[in-house]
Each structure stands twice: as C-alpha cells, then as structure tokens.
Amino acid sequence: MDGFATDLKYSHMRYPVCDKKWHGLDVLDMGFLAELAYHENMTDSRVLEAKLRAYFPSHSKFTWGSVEAQHNPRHFSIRIQHEDFSEACHVISVSGTNGLRDVYEDVAIWNEAGVLRLISMLIPIEWWWHSNVVASLVSAASWLFFQPRYVDEMIQSVQYLRNFFEDKRGISEPVIFTGHSLGGGIAAILGARTPRSQSVGFASPGASYQSAKFGFELRDLRRTSTTVLADRDIVSMIDAHAGSVQAVQCDASKFWECHDFSRLLCELQSSCKKIDVGGVGSQYWNARCAHRSHSATDQSGTPVVGRQ
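Residues numbered from 1 in each chain as written. Predicted model: local features only at pLDDT ≥ 70, side-chain atom pairs only at ≥ 80, totals over all residues. Heavy atoms only, no water.

Novice: Any chance you could explain the overall build of the chain here in plain terms?
Specialist: Along its length, the chain carries 13 helices and seven strands. Out of the 308 residues belonging to the chain, those deemed buried represent 48%. For the chain, restricting intrachain contacts to residue pairs at least 6 apart in sequence, the fraction spanning at least 24 positions comes to 60%. Just so you have it, the chain exposes about 15800 Å², and 55% of that area is on carbon and sulfur atoms. (Helix = DSSP H or I, 4+ residues; strand = E, 2+ residues; numbered from the N terminus. Buried < 20%, exposed > 50% of the residue type's maximum accessible area, 1.4 Å probe, protein only. Contact = heavy atoms within 4.5 Å. Areas by Shrake-Rupley, 256 points an atom, 1.4 Å probe, with all protein chains shown as cover.)

Structure, rendered in structure tokens:
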C-alpha cells in the first residue's frame, strides 16, 4: 500500500525542466524544433514554414519568420519572438547523425572522449584528473585523427546571421541551439562558443571534454547548456555533461530504445502536459503522444497508477 501511495504521489509531479523557458519557448517547443531538423525535406523552407504555421497558431503569443534551410542539410534556423520579450531570438536546430558526412564529423568530434570513457571503465582517469586536464588530453589526442570542420563552419554561419540582425546599438539578437543525439552535443559546443546564446540538447553526449579542442571555457558550457537525457541511454554516456541536466524515465525493455527521440519527447509530454486547447503545440502533442495516454488507462477508463 505504501508503494502504491508513493507512485501515486510522484505520478503528479513534473520534471523541473518543464518549467524552464527560453525566450518564451518551453522544453517541448524546443523538442519540436529539434525534431524538425530530421525532416527529409528540411532544405525546402516552404515545408518547414507549413509545419511551423501548424504548430504556432496565428493567435498565439509567438511570431516567427526568416526561416532558412542550409545547403548543408543538417541544420536550419528560424527567427522567433514572444510578445512578452522586447527582442527576437534565433533558434538553430541541428540534426543527429543522418548520413555519411555526419558520421565522419561526429566520429571526428567525439572519438577521443569515447575512447577515454572506455579506458576509464578500467582505470578511473576521469575521477583522478581535473576536467581541464582531461580536456587538454582530448585536444592533444585530436591531432592524431582527422579534424572536424562542421563546428567552425557553423560558427561562421551564425556570425553572419547575427550581424545581419544587429540593432542600431550593434547588439546581436540571442541564439538558442538545439538538437537530438550528437546534434544536441554540437548544439552544446556552439552554445558555449557563441556570445549571447544557450543550448538545449536531447539524448545528447556531453561536451565538457571538448573545451580545449574547440576553444571554449568549461564555465561557459555550465552556464549555457541544458540537456534532457533518458535512463540507460548509451549515447548520453559519451563525454561528461555540464550545465543543467534533466534525467527522465525510460521504461523500454531494450536499453538502445532509450535513445529514441519520440519516446523521450512523449515522456516529457506525460509530465509537462502541454494540453491547453488552442495553445502552442497543444494539438500536435496530444495527437503525437496519444498512445501513452491510452496505455496509462485500463479498459474501464480508470487511470493505471503504480501498476507493476
């Protein structure tokens, strides 16, 4: 009986990340924008605009524009503004590994940290040494392998974007990077390297050991990065996380299914409950995750709480 009462109590509690906002965008809004980067027609701005128009209704507090799909079909950008904020922000969404070029770039970024994590299973190097020492070791080892270019290319693109939208005082609008899997890890690196920016990653690897390799300070990563990861997700075990980290439950029977983006987003929806009729994304999430609502209810319509 006590176990049932405990389950009932916690079933009504929200993940803390549910209450976090980025220029008016909540974690499910960021998840929607991160998932768009996987769309097969992402380089067609018209397709993106149609999906954004459906998600952000005209009567909502958001206005958006300047949708730009890049020639490199790994990311897109959108300029978006909430009526309660005096300035707009740019959301840049980076997809996870999706093609041979992505495999090449992702291996180039995380191969040293991945090897180090495997070694640490036998010899606890990460516990003995300071994070800055480990980051310097990763940077030194990177010269033995091929060098990633995608991050530097993205920095140049972001700088061009920000210069274009500078105000009369020469102040650039803020940027929020987001992405799933290794795309979320790249978002964290970009967020730490770019002034006036933040990052939101989903099921992504850490980026702490990339600081010396990509020229950012660990303290900046701690202040800009938010990561949502699922229990038992092996991709999230690569490197070390910094900043705000929200772990969520994964009830999949196979551990590799815990990396699934759809499963992660619907777990967030079950806690954050974006259900306001006519609100931003409400119809999208209610339809998208309806199967979870059905599975949490027995045939008589009674909610199943604490069932083993």
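Still more to cover.
Novice: Is there a simple way to think about the environment of Q81 in this case?
Specialist: Its place among the elements puts Q81 in strand β2 (residues 75-82). Given a relative accessible area of 24%, Q81 falls into the partly exposed group. Taking the C-alpha atoms as reference points, Q81 and H23, separated by 58 residues in sequence, lie 7.5 Å from one another. Look past the residues within four positions of Q81 in its chain and what remains in contact with it is K61, F62, T63, S86, E87 and A88. Polar contacts involving the side chain of Q81 include one to the main-chain carbonyl oxygen of F85, which spans 3.1 Å. (Polar contact = N/O pair within 3.5 Å; in protein donor to acceptor, adjacent residues only side chain to side chain.)

Novice: When you look at helix α3 (residues 45-55) in this model, what are you seeing that I'm missing?
Specialist: Buried residues of α3: L48, L52 and Y55, and no others. Buried residues along α3 cover an arc of 60° about the axis, so they all sit on one side. Away from the buried face of α3 by more than 90 degrees, exposed residues R46, R53 and A54 are located. (Arc of directions from axis to C-beta.)

Novice: Whenever I open this one, the packing of helix α2 (residues 27-36) against α3 confuses me. Can you help?
Specialist: Between two packed helices, both the angle of their axes relative to each other and the distance between the axes serve to describe the pair. Closest axis-to-axis distance for the α2/α3 pair is 11 Å, and the angle between their directions is 165°. Between α2 and α3, the crossing angle belongs to the class labelled roughly antiparallel. Read as a crossing pair, α2 and α3 show a hand that is right-handed. Residue-level inspection shows L28, D29, F32, L33 and L36 of α2 in contact with α3, the latter providing L48, K51, L52 and Y55. Of the residues that constitute the contact of α2 with α3, the class distribution is seven nonpolar, no polar and two charged. (Axes fitted to C-alpha atoms, helices over the stretch in contact; angles between N-to-C directions. Parallel < 35°, antiparallel > 145°, perpendicular 65-115°, else oblique. Left-handed = near helix turned anticlockwise from the far one by under 90°. Nonpolar A, V, L, I, M, F, W, Y, C, P; charged D, E, K, R; others polar.)

Novice: How should I be thinking about the packing of α2 against helix α11 (residues 261-272) in this particular structure?
Specialist: In the contact formed by α2 and α11, the axes pass within 10 Å of each other and the chain directions differ by 160°. The orientation of α2 relative to α11 falls into the category roughly antiparallel. In terms of crossing hand, the pair formed by α2 and α11 is left-handed. Side by side, α2 and α11 meet where V27, L28, G31, A34 and E35 of the first sit next to F261, L265, L268, Q269 and C272 of the second. Considered class by class, the residues forming the contact of α2 with α11 number seven nonpolar, two polar and one charged.

Novice: Looking at this structure, I do not really get the packing of aromatic side chains. What am I missing?
Specialist: Ring pairs (aromatic) are described by centroid distance and by the angle formed between their planes. A complete count under the given rule lists seven aromatic pairs for this structure. Both rings, one in Y55 and one in F56, keep their centres 4.9 Å apart while their planes meet at 75°; by these two values the pair is edge-to-face. Residues Y55 and F56 agree in their burial class; the two are buried. Ring plane angle 45° and centroid distance 5.5 Å describe the contact between F202 and F261, whose orientation is recorded as tilted. Residue F202 is found in strand β5 (residues 197-202), and its partner F261 is found in helix α11; the two are separated by 59 residues along the sequence. One aromatic cluster is present, formed by F32, Y55, F56, Y284 and W285 through successive ring pairs. (Phe/Tyr/Trp six-rings, centres within 6.5 Å; stacked < 30°, edge-to-face > 60°.)

Any link to function would need more than the numbers given here.
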